[in-house]
Amino acid sequence: MLGYNDKRNFFRMMVNSACEIVVNDDESSRTLHAVCKDISATGMSFEVEEQSVEIGTAVDVYIESTNSQIPSLSAKARVVRSEYNDDATCVIGVEITEMN
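(A) Representation of the nonpolar core in the model. One finds Ile 21, Met 44, Phe 46, Val 59 and Val 94 to be the most contacted residues of the largest nonpolar core, which totals 22 residues. Every element with two or more residues in this core is listed here: strand S1 (13-24), strand S2 (29-39), strand S3 (43-48), strand S4 (58-63), strand S5 (73-84) and strand S6 (90-99).

(B) Spotlight on the pairing of S5. Relative to S5, S4 is paired through six bridges, and the arrangement is antiparallel. In the sheet register, Ala 58 faces S5, and the bridge partner there is Arg 78. Taken together, the nine bridges between S5 and S6 define a ladder with antiparallel strand orientation. Bridging from a neighbouring strand, Arg 81 pairs with Gly 93 of S6. What sits between the antiparallel neighbours S5 and S6 is a turn of five residues, in which Ala 88 has the positive phi angle 65°.

The rules behind these values
Residues numbered from 1 in each chain as written. Predicted model: local features only at pLDDT ≥ 70, side-chain atom pairs only at ≥ 80, totals over all residues. Heavy atoms only, no water. Core = buried A, V, L, I, M, F, W, Y, C linked by side-chain atoms within 4.5 Å. Buried < 20%, exposed > 50% of the residue type's maximum accessible area, 1.4 Å probe, protein only. Helix = DSSP H or I, 4+ residues; strand = E, 2+ residues; numbered from the N terminus. Pairing = 2+ DSSP bridges.

Functional significance is not addressed by these values, which are geometric in nature.
In structure tokens, the structure reads:
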């Protein structure tokens, strides 16, 4: 669990929610199916079955709500962290630049 020692400006909420990430890199745009692991007021992290996504890449994030009282999330973000795991997945950290 994340605590005060992380020195974050905002607390992170742990989630395990399916989401779509549209990667807008120089070559083209592609859609990745991911699992959102955590989210805060300014960022979030995902786990994808991809080797990596370049730091600085612009992405569009969409998380469909399963509750009628909570709206779906749509945001533009920028990749600030990309860590490859031994199990052929990648954890991507993004900074939210715009909420739609």
